[in-house]
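The residues making up each chain are set out below.
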Amino acid sequence: MYLNVNSLNTVGPRSSIVELTDFICAAQMAKAADALFPVEDKKSFCNDPNYKKRRNMGYDLWKRKKQMKLEKKLLNEDDNVVHLPNPMIGFGVPTEPGQITQRTLPEDAIGPPYFYYENVAMAPVGVWSEMSRYLYDVGPEFVDSKYFCAAARKRGYIHNLPIDNRFPLFPFPPRTIHEAFPLTKKWWPCWDPRTKLNCLQTCTASAKLTERIRKALEAYDDEPPLNVQKYVLDECRKWNLVWVGRNKVAPLEPDEVEMLLGFPKNHTRGGGSSRTERIKSLGNSFQVDTVAYHLSVLKDMYPGGINVLSLFSGIGGAEVALHRLRIPLKTVVSVEKSEVNRNIVRSWWEQTNQHGTLIDIPDVQELNGDRLEQLMSRYGGFDLVVGGSPCNNLAGSNRHHRDGLEGKESSLFYDYCRILDLVRLMQRTQ
DNA sequence: TTTAGGATGAATTCCCGT
DNA sequence: ACGGGAATTCATCCTAAA
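None of the values given here were measured: they were computed from a predicted structure.

Parameters and conventions
Residues numbered from 1 in each chain as written. Chains lettered and ligands numbered in written order. Predicted model: local features only at pLDDT ≥ 70, side-chain atom pairs only at ≥ 80, totals over all residues. Heavy atoms only, no water. pLDDT = per-residue confidence, 0-100. Contact = heavy atoms within 4.5 Å. Near = heavy atom within 4 Å. Polar contact = N/O pair within 3.5 Å; in protein donor to acceptor, adjacent residues only side chain to side chain. Helix = DSSP H or I, 4+ residues; strand = E, 2+ residues; numbered from the N terminus. Nonpolar A, V, L, I, M, F, W, Y, C, P; charged D, E, K, R; others polar. Pairing = 2+ DSSP bridges. Axes fitted to C-alpha atoms, helices over the stretch in contact; angles between N-to-C directions. Buried < 20%, exposed > 50% of the residue type's maximum accessible area, 1.4 Å probe, protein only. Arc of directions from axis to C-beta. Lys, Arg positive; Asp, Glu negative; His and termini not counted. Salt bridge = Lys/Arg side-chain N within 4 Å of Asp/Glu carboxyl O.

### Quick look at the confidence of the model for chain A
- Averaged over every residue, the pLDDT of chain A is 87; residues scoring 70 or more account for 81%.
- In this model residues 1-36 is a low-confidence stretch, pLDDT under 50, and it forms 11 contacts with partners more than four residues away in sequence or in other chains.
- Below a pLDDT of 50 lies the segment residues 49-55, which in the model reaches four contacts outside its immediate sequence neighbourhood of four places, other chains included.

This is how it looks when you write it as structure tokens:
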């Protein structure tokens, strides 16, 4: 009947010559399979109103796509799929109407201790419902940081914090490209309509690319033709380029990214790292104003300061947010793999004259029950467990290993859950 | 040994016309 | 409601130069 194509690729001794006699070429196979599809199906393919447009698609491909869509739909209805809000403002942002100040949390999720978990919003389908399931069924709050600064940053946050009486950091950071980079206004062409930057990532464009763009533009005195405009705009959007001269675009410098993300200038310089390293660390970080807005409700609750367990700290986005909110940091236990990042947080800690204690731990596996118990008995438990686990295997930019939550780095999410569970268990049974 | 540059798609959502 | 196009995306791997 059917020839199993996979069997042709199996390694090992071929069992017999029967396969040879059974073998028919791929075209014949397709033809044979094609004939097996129901006539009704074929009719609906031919009667498809967009059939002309999709002529080159072919019947089998059309059929397969239809099947995939159906399967997906069935899967989604079973698996309480999470939908992204539009506009992406979560329970509300300071600058837009439509605040929500009340929600009901599942019984198991009610704090303290409080937790605040972050990751990319555009994760593969099913990932956010899985993460929500592991975090006591709390629904994620999806917020785009373009409502807080001049760059987009679509992120989901699962937390059990109160959501009334939030307040933003002051002063408000610049919220358009022109406000953030006034000098670019002079060179900004009228055919570039951007007012916000796209997401700040871990790589920047090369000087060579900006040179290619300059060459493409200098052939024209006034406005370039539409196809050239499109090429330049596509590259500018892809690489977050800004205009710095006549026909000249440039990528953002590390200190400019620091400003957009709400960090003090030269924050990442402390590690003694290269430009590339700084851009990478920043690309993996929180947007401070966004996170601070959510954490601001802690200020009245803990006037004497808080103990923080910060997992996957990176360059210390959560710590900077709490500090800028003027919430005293009594104890910060910071888990971060990268030595450069640990140095950055350490030197920030010293520069801001913190009075509390900073403990850094390089490996998250080191935080087992014993170690946690030791830390908690010494410093009196944690008020907040904050962290964003690695997004490497969830992010759209990843061509190679976008494997979902079970991926090599992103599966560290389960360590966040493990540790949070331990902390909550120990503190609630006291 | 470190750093910059180039090549490398696909998953997902939004939007708009039919 | 549905399909197709446009837009967007906390990246990785390899190589050559420094």
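### Overview of the protein's contact with DNA strand B
- Inspection of the region around DNA strand B gives 19 residues, with Pro-124, Val-125, Ser-206, Thr-276 and Gly-396 positioned closest.
- Backbone atoms, meaning sugar plus phosphate, form 60% of the atoms of DNA strand B positioned within 4 Å of the protein.
- Between a phosphate oxygen of DNA strand B and a main-chain N or O atom of Val-125, the distance comes to 2.6 Å.
- Contact distances for DNA strand B include 2.8 Å between a base nitrogen and a backbone N or O atom of Gly-396.
- At three residues, the largest contribution of residues to the surface near DNA strand B is made by helix H8 (residues 207-217).
- Looking at the surface near DNA strand B, its residues break down into six nonpolar, seven polar and six charged.

### Side note on the sheet that holds strand E1 (residues 114-120)
- In spatial order, the strands read E2-E3-E1-E9-E6-E7-E8; together these seven strands make up an open sheet with mixed pairing. Looking along the sheet, the strands with just one partner apiece sit at the ends: strand E2 (141-144) and strand E8 (357-361). Looking at each pair of strands side by side, their axes are set apart by 20° on average, direction ignored.
- Taken together, the five bridges between E1 and strand E9 (residues 384-388) define a ladder with parallel strand orientation. The partner of Phe-115 across the bridge, within E9, is Val-385.
- Along the sheet, helix H14 (residues 317-324) contacts strand E6 (306-311), strand E7 (329-335) and E9; its crossing angle with E7, the most-contacted strand, is approximately 165°.
- Contacts between helix H15 (residues 339-351) and the sheet are confined to E7 and E8, with E8 contributing the most and set at about 175° to the helix.

### Concerning unusual backbone geometry
- The omega angle of the peptide bond from Gly-111 to Pro-112 is 0°, so this bond is cis rather than trans.
- Positionally, Pro-112 belongs in the loop between helix H5 (59-78) and E1.
- In this chain, Phe-170 is followed by Pro-171 through a cis amide linkage whose omega measures -5°.
- Within the fold, Pro-171 resides in the loop between strand E3 (154-159) and helix H7 (177-180).
- The phi dihedral of Arg-326 is positive, around 65°, even though this residue is not glycine.
- Position of Arg-326 relative to the elements: it lies in the loop between H14 and E7.
- Judged by its relative accessible area of 58%, Arg-326 is exposed.
- A positive phi angle is found at Asn-353, which is not glycine, with a value near 55°.
- Of the residues examined, Asn-353 reaches a relative accessible area of 57% and is grouped as exposed.

### Some remarks on helix H16 (residues 369-379)
- For H16, the set of buried residues is Leu-372, Leu-375 and Met-376. Along H16, the residues classed as buried sweep out an arc of 95° about the axis, all on the same side. Away from the buried face of H16 by more than 90 degrees, exposed residues Asp-370, Ser-377 and Arg-378 are located.
- Residues of H16 that are buried in the fold lie against E6, E7, E8 and helix H17 (413-428).
- Looking at the residues trailing H16, positive phi occurs at Gly-380, about 85°.

### Some points on the side chain of Arg-424
- Its place among the elements puts Arg-424 in helix H17.
- The buried charged residue Arg-424 lacks any salt bridge partner; its closest oppositely charged side chain belongs to Asp-421, at an N-O distance of 5.9 Å.
- A distance of 3.3 Å separates a polar atom in the side chain of Arg-424 from the backbone oxygen of Ala-109.
- Excluding residues that lie within four positions of it along the chain, Arg-424 makes contacts with Asp-108, Ala-109, Ile-110, Gly-111, Pro-113, Phe-115, Tyr-136 and Asn-160.

### Examining the pattern of salt bridges
- Applying the stated criterion to the full structure yields 16 salt bridges.
- A salt bridge links Asp-234 to Lys-230; its shortest N-O distance comes to 2.8 Å. Placement of both Asp-234 and Lys-230 in helix H9 (residues 226-239) is noted, with a separation of four residues, approximately one turn of the helix.
- Taking the relative accessible area as the measure of exposure, Asp-234 reaches 35% and is therefore partly exposed.
- Residue class for Lys-230 comes out exposed when judged on its relative accessible area of 52%.
- When the shortest N-O distance is used, the salt bridge between Asp-415 and Arg-418 registers 3.0 Å. Here Asp-415 pairs with Arg-418, and both are found in helix H17, just three residues apart, close to one helical turn.
- With a relative accessible area of 10%, Asp-415 lands in the buried category.

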